[in-house]
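# Topology and contacts: notes
The residues making up each chain are set out below.
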Amino acid sequence: MKGFKIRGISIILIVILVVIIGSVVASLYIALTPPPTPTPTPTPTPISTPTLSPSPPPSPALTPTPSPTPSPPPPPTPTPKPTETRYDIEVAFPNLSFNRPVGIYHAGDGTDRLFVLEQEGMIYVFENLEDVNTATIFLDIREKVNAKGNEEGLLGLAFHPNLISNSFLYVYYTADDPRRSVIARYKVSWENPNKGDKESEQILLEIPQPYSNHNGGQLAFGPDGHLYIALGDGGAAGDPRGNSQDPSTLLGSILRIDVNSRSKAMNYRIPSDNAYFT
Ligand SMILES: [Ca+2]
């Protein structure tokens, strides 16, 4: 019985000892065993989705389009060399001659007459024909005109746009005592359309002239029906009085007046849209 107990206790101790030794051995094995290499996660293989659309038909073989042959750039246009412009001067009216002519005008009244101004104060009229051989005196105002200076005299003529109905024409001339420019209206004679009425003069403007030169003198009717008057700077050289830059003088200006109206004592009217007149 006692021996059974001792043997029983011994067996228990042996078992415990075996367990302890086993545990120690297991622990040592675990400690000495390298950790397992992690198995790499397999990369999921993408699942190809079946395409329902029909695969595009094979493109037909393209016929190679012949590429356009690049055109060469146009040659630079040669800059034309300035050529000498030549004019031929032809005597328009070989059978006529004038003394100091300063202008030729057309009446614009349906007739084909031409009017030539002579600086001394004469206006001649003749038919616009190459072989015309006669020019008659239309107006002679030499006694009114001062043409002593080379740039003085009868310098401008303009026929009224309504010449047929009113017979008006306008002239620009220089006069003296005192030296001045005169813009005057004349009428065509009732008896003879090739004659101006010398006694019909009506003066529209008189402008003092300090010197004999630089008088301008061109007259013209604009499309607005107004009379335009060109005035020089008064004269001498280099505009010594500064007239062209002086708005208080009419010299050095192009004037525009309404000859179909009157205002106050003037035989013309200044158009209401004249920005220089207040
Ligand atoms: Ca002058």
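Residues numbered from 1 in each chain as written. Predicted model: local features only at pLDDT ≥ 70, side-chain atom pairs only at ≥ 80, totals over all residues. Heavy atoms only, no water.

### Digging into the sheet that holds strand β5 (residues 154-159)
Counted only if it meets this: Between any two strands, at least two bridges found by DSSP are needed for them to pair. Each helix is a run of DSSP H or I of at least 4 residues and each strand a run of E of at least 2, with the numbering of both proceeding from the N terminus. Note on method: axes are straight lines fitted to C-alpha atoms, helices fitted across the in-contact stretch only, with angles between N-to-C directions ranging 0 to 180 degrees.
Reading across from one edge, β5-β6-β7-β8 is the order of the four strands in this open sheet, with antiparallel pairing throughout. Sheet topology places β5 and β8 (196-208) at the edges, where each strand pairs with a single neighbour. Across the sheet, the axes of successive neighbouring strands diverge by a mean angle of 20°, strand direction being ignored. As paired elements, β5 and strand β6 (residues 168-175) share five bridges and run antiparallel to each other. Note that in β6 the partner of G156 across the bridge is Y172.

### Quick notes on the side chain of N166
Rule in force here: Burial status follows relative accessibility: with a 1.4 Å probe on protein chains alone, a residue under 20% of its type maximum counts as buried, one over 50% as exposed, and anything between as partly exposed. Pairs of residues are marked as contacts when any of their non-hydrogen atoms sit within 4.5 Å.
Among the secondary structure elements, N166 is positioned in helix α2 (residues 163-166). According to the relative accessible area criterion, N166 is buried, its value standing at 16%. Every residue in contact with N166, bar those within four places of it in the chain, is listed here: H160 and K187.

### Examining the coordination of the calcium ion
Note the cut-off: Distances decide who is a donor: an N, O or S atom must be within 2.8 Å of the metal, or within 3.2 Å for Na, K and Ca. Water is not included, so sites may look incomplete.
Note on the calcium ion: its protein donors are Q209 (OE1), Y211 (O), N213 (O), N215 (OD1) and G234 (O). The metal-donor distances range over 2.3 to 2.5 Å. Sequence spacing of the donors to the calcium ion: Q-x1-Y-x1-N-x1-N-x18-G.

### Some thoughts on the nonpolar core
Inclusion rule: In these notes, a set of buried Ala, Val, Leu, Ile, Met, Phe, Trp, Tyr and Cys residues joined through side-chain atoms within 4.5 Å is what counts as a nonpolar core.
Counting residues in each nonpolar core, the largest one holds 23 residues, and the members touching the most others are I123, L157, V171 and Y173. Sorting the residues of this core by element identifies β2 (113-118), β3 (122-127), β4 (136-140), β5, β6 and β7 (180-188) as the ones contributing at least two each. Not counting residues within four places of it along the chain, the set of residues in contact with Y173 comprises I141, K144, V145, G153, L154, L155, R180, S181, V182, A184 and E201. If you look at the next biggest cluster of nonpolar residues, it comprises 20 residues, including L155, F221, L255 and V259.

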